[in-house]
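Remarks on the overall topology
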Amino acid sequence: MFITIFVVLDHAEAVARRVGEPYGTLVLTFAVTAIEVSIIVSMMLHGANNPTLARESVFSTVMITSTGVVGMCLALGGWRHRKQAIVRQGTSAYLAVLIALTVMILILPTYTQTTDPGTFSAAQLGFVSTLSVVLYASFVFAQTVRHREDFVEGQAREVPMRSASHESVSVAALLLLSGLIGIVMLAEQVAASVEDTLVAYQVSQADSIVGALIAGLVLMPEAISAVRASLNNELQRGLNVAMGSACATIGLTIPAVAAASLLTGRGLTLGVPSADAVLLVLALLICNVSFSTERTTFLTGMVHIVVFFTYVFLTFVP
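We now turn to the structure provided with this report. If you're wondering where the values come from, they're calculated on a predicted model, not measured in any experiment. In this numbering scheme, every chain counts its residues from 1 along its sequence in written order. Only residues with pLDDT of at least 70 get local features here, since the model is predicted, and only at 80 or more are side-chain atom pairs given and counted; chain-wide, interface and lining totals rely on the full set of residues. Side-chain numbers here rest on the full set of heavy atoms in the structure, without hydrogens or water.

Here we look at the overall build of the protein
- Secondary structure follows DSSP: runs of H or I at least 4 residues long count as helices, runs of E at least 2 residues long count as strands, and numbering of each begins at the N terminus. Secondary structure assignment for the protein yields 11 helices and 2 strands.
- Its helices and strands in sequence order give the protein the pattern α-α-α-β-α-α-α-α-α-α-α-β-α, from N to C terminus.
- Note on method: radius of gyration uses C-alpha positions; expected globular size equals 2.2 Å times residues raised to 0.38. The globule rule puts the C-alpha radius of gyration for 318 residues at 20 Å, and the 19 Å found for the protein is close to it.
- Sorting the 318 residues of the protein into buried and exposed places 52% on the buried side.
- We call two residues in contact when some of their heavy atoms are within 4.5 Å. Contacts in the protein between residues far apart in sequence, at least 24 positions, make up 84% of those at least 6 positions apart.
- Summed over its atoms, the accessible surface of the protein is roughly 14000 Å², and 66% of this surface lies on carbon and sulfur atoms.
- Counting 15 positive and 19 negative side-chain charges, the protein places the averaged centre of each group 11 Å from the other. Buried, partly exposed and exposed residues are distinguished by accessible area as a fraction of the type maximum, computed with a 1.4 Å probe on protein chains only: under 20%, between the cut-offs, and over 50%, respectively. Each accessible area value is a Shrake-Rupley result obtained with a 1.4 Å probe; residue values ignore everything except the protein chains displayed when judging cover. Positive charges come from Lys and Arg, negative ones from Asp and Glu, while His and the chain ends are left out of the count. Where a charge lies is defined by one atom per residue type, namely NZ (Lys), CZ (Arg), CG (Asp) and CD (Glu).

Let's talk about unusual backbone geometry
- Phi is positive for Arg82, which is not a glycine, with a value near 65°.
- Structurally, Arg82 is set in the loop between α3 (53–81) and β1 (84–85).
- Residue classification places Arg82 among the exposed residues on the basis of a relative accessible area of 70%.
- In the Ramachandran plot, Asn233 falls in the positive-phi region, its phi being about 65° despite a non-glycine side chain.
- Its place among the elements puts Asn233 in the loop between α8 (206–231) and α9 (235–264).

A word on the environment of Ala31
- Along the chain, the position of Ala31 falls in helix α2 (residues 23–44).
- Sequence separation of Ala31 and Ser245 is 214 residues, and the distance between their C-alpha atoms is 9.9 Å.

Any functional reading would require information that these geometric values do not contain.
Okay, here's the thing in structure tokens:
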């Protein structure tokens, strides 16, 4: 599976370089989101009803991207280049969408009154899912059409794209699709086996561990791509990949999982526990502080990494 992930990464970067920014980052983002949706839905239908798996996977994705991946980009990029520039308008847009979707989907269900705490009614779930799709679609429109310049680093506009024939790009896209299908099939087997093992040994945090595993596996191509971009002094591109993944996960994965839940009649719990809510708010607050200036340093990244390790530790020792 790891070999397939690295192969997919190479093909995704080939396609991304050909179509240019910010379209290139969307290629990998949509691909990884499709993987996560497939795995979560298959795991929901695997064995007994598992209402919290989608929540744990999405929560893990947000925490891994906003603290782990972003932290590695800022720390390693800052260590190599001392200071790196970002486009405040673009990062602020990412953060605004992420905050709105995260609070609305992962925190708000705990305080609604129609159903049990942590859950939405069918009407609420459909309403929130529709708003999520509309908001994410608006964000993609702004990123690719209306305000495209806000998501492209200044120096990236001056770097000429490497020429590639139409045939080579088509082959890379076909191989990318084939690799993604392979990752889905392999990840489903890995996640299902891990879930069965944790249940057999009566591990109390089985859902959290499986959710973190799913998020970690599917985010690996994006994480590597983002860190590579940061090391190449293309920090904005790295942040586009990392933050775009978090936004797409909530904006697209939750509506797809919600549709599956409504169609199959299986319960869906979205509200995170209080401890996870504190970590989530902390991660978003740190992102807001880090992206408030136009330059980042090694220290900025270390703050994110510390929060990431806190999340990992509390996943196994709640």
